[in-house]
Amino acid sequence: VSLLSDTVFTCADVNSNPHYIQFSIATTGFNILDSVPVTVLDTLPPTLSVMGDTLYLSGNPLSASLSFADIDQGSTDNCGIDSATVNGVSQLIFSCADTGHVEVSIAAYDGSLNVANDTILIWVLDTIPPSYTINPYTAYIGSTSFTVPVDSLIKNVSAGCFSPQINVLGDT
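Reference entry: report on the structure contained in this document.

## Focus on the overall build of the protein chain
Phase 1: Each helix and strand in the protein chain was counted, giving two helices and 11 strands.
Phase 2: Put simply, the protein chain runs from its N terminus to its C terminus through helices and strands in the order β-β-β-β-β-α-β-β-β-β-β-α-β.
Phase 3: Summarising its shape, the C-alpha atoms of the protein chain cover approximately 130 × 20 × 20 Å along the three principal directions.
Phase 4: Taking all 172 residues of the protein chain together, 24% fall into the buried category.
Phase 5: The long-range share in the protein chain, meaning contacts at least 24 apart out of those at least 6 apart in sequence, stands at 49%.
Phase 6: Surface summary for the protein chain: the accessible area is close to 11600 Å², and the carbon and sulfur share equals 53%.

So this is what it looks like as structure tokens:
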């Protein structure tokens, strides 16, 4: 038996099946040429290597995005990773409703649709400090004491996701 074609296959051969290995058998008075079909399959899923992350909300409206590239730590596949998703999408957008610890699902696919899945934890933080305007106030004391309303002293109070609470600690 003599092999007449290549018997080494790679990932590049997966999408062009079947392949044929040609061979010949020679005996006294006979020389037979034939081939054997070979189907090349990739059945190995990717190997995920991902890490959690901390996202800081910013912009107007406040948001932060996360994609596979942000959390990938060298995921691999024998034939290469074709695509990956975070919670089923290529880019996940977080908002004020997501602040805190969020679990997300990761899926990585190769060209043969083998899939690897994992979950990670993401911290979504609102670190926007409060802003406000101080409004100088003149209090005129008559025959009784006078209480200055807080909203007369501090105006235009805002922050990131949540309304800040104003506490008056005392007078100076």
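After that view of the structure, there is still more to cover.
## Some words on the state of the cysteines
Phase 1: For the structure shown, the criterion picks out two disulfides.
Phase 2: Sulfur-sulfur distance for the disulfide between Cys11 and Cys79 comes to 1.8 Å. On the S-S bond that ties Cys11 to Cys79, the torsion sits near -75°, and the link is left-handed. Taken together, the residues span a long stretch of sequence, with Cys11 in the loop between strand E1 (2-3) and strand E2 (19-27) and Cys79 in the loop between helix H1 (68-71) and strand E6 (81-86) at a distance of 68 residues.
Phase 3: Judged by its relative accessible area of 30%, Cys11 falls in the partly exposed class.
Phase 4: A disulfide bridge connects Cys96 with Cys161, and the sulfur atoms are separated by 2.1 Å. Taking the torsion about the sulfur-sulfur bond, which here is approximately -80°, the covalent link between Cys96 and Cys161 counts as left-handed.

## Here we look at the side chain of Asp13
Phase 1: Looking at the secondary structure, you find Asp13 in the loop between E1 and E2.
Phase 2: Buried within the structure, Asp13 lacks any salt-bridge partner; its nearest side chain of opposite charge belongs to Lys155, at an N-O separation of 76 Å.
Phase 3: Here the side chain of Asp13 touches Thr10 through a polar contact of 2.8 Å, landing on its backbone nitrogen.
Phase 4: Excluding anything up to four places from it in sequence, Asp13 contacts Val8, His19 and Val40.

## A closer look at unusual backbone geometry
Phase 1: Residues Asn17 and Pro18 are joined by a peptide bond in cis, for which omega reads -5°.
Phase 2: Along the chain, Pro18 turns up in the loop between E1 and E2.
Phase 3: Here the residue pair Asn60 and Pro61 is connected by a cis peptide bond, since its omega of 5° sits within 30 degrees of zero.
Phase 4: Tracing the chain through its elements places Pro61 in the loop between strand E4 (53-56) and strand E5 (64-67).
Phase 5: Positive phi values are uncommon outside glycine, yet Asn156 reaches one of about 55°.
Phase 6: Structurally, the position occupied by Asn156 is in strand E11 (residues 154-158).

## Looking at the sheet that holds strand E8 (residues 100-110)
Phase 1: Strand order across the open sheet formed by four strands is E4-E9-E8-E6, with mixed pairing between neighbours. Looking at which strands have only one partner, the edges of the open sheet turn out to be E4 and E6. Along the sheet, successive strands turn relative to each other by an average axial angle of 30°, direction set aside.
Phase 2: Pairing geometry for E6 and E8, over five bridges, is antiparallel. The partner of Ser83 across the bridge, within E8, is Tyr109.

What counts and what doesn't
- Residues numbered from 1 in each chain as written.
- Predicted model: local features only at pLDDT ≥ 70, side-chain atom pairs only at ≥ 80, totals over all residues.
- Heavy atoms only, no water.
- Helix = DSSP H or I, 4+ residues; strand = E, 2+ residues; numbered from the N terminus.
- Buried < 20%, exposed > 50% of the residue type's maximum accessible area, 1.4 Å probe, protein only.
- Contact = heavy atoms within 4.5 Å.
- Areas by Shrake-Rupley, 256 points an atom, 1.4 Å probe, with all protein chains shown as cover.
- Disulfide = S-S within 2.5 Å.
- Lys, Arg positive; Asp, Glu negative; His and termini not counted.
- Salt bridge = Lys/Arg side-chain N within 4 Å of Asp/Glu carboxyl O.
- Polar contact = N/O pair within 3.5 Å; in protein donor to acceptor, adjacent residues only side chain to side chain.
- Pairing = 2+ DSSP bridges.
- Axes fitted to C-alpha atoms, helices over the stretch in contact; angles between N-to-C directions.

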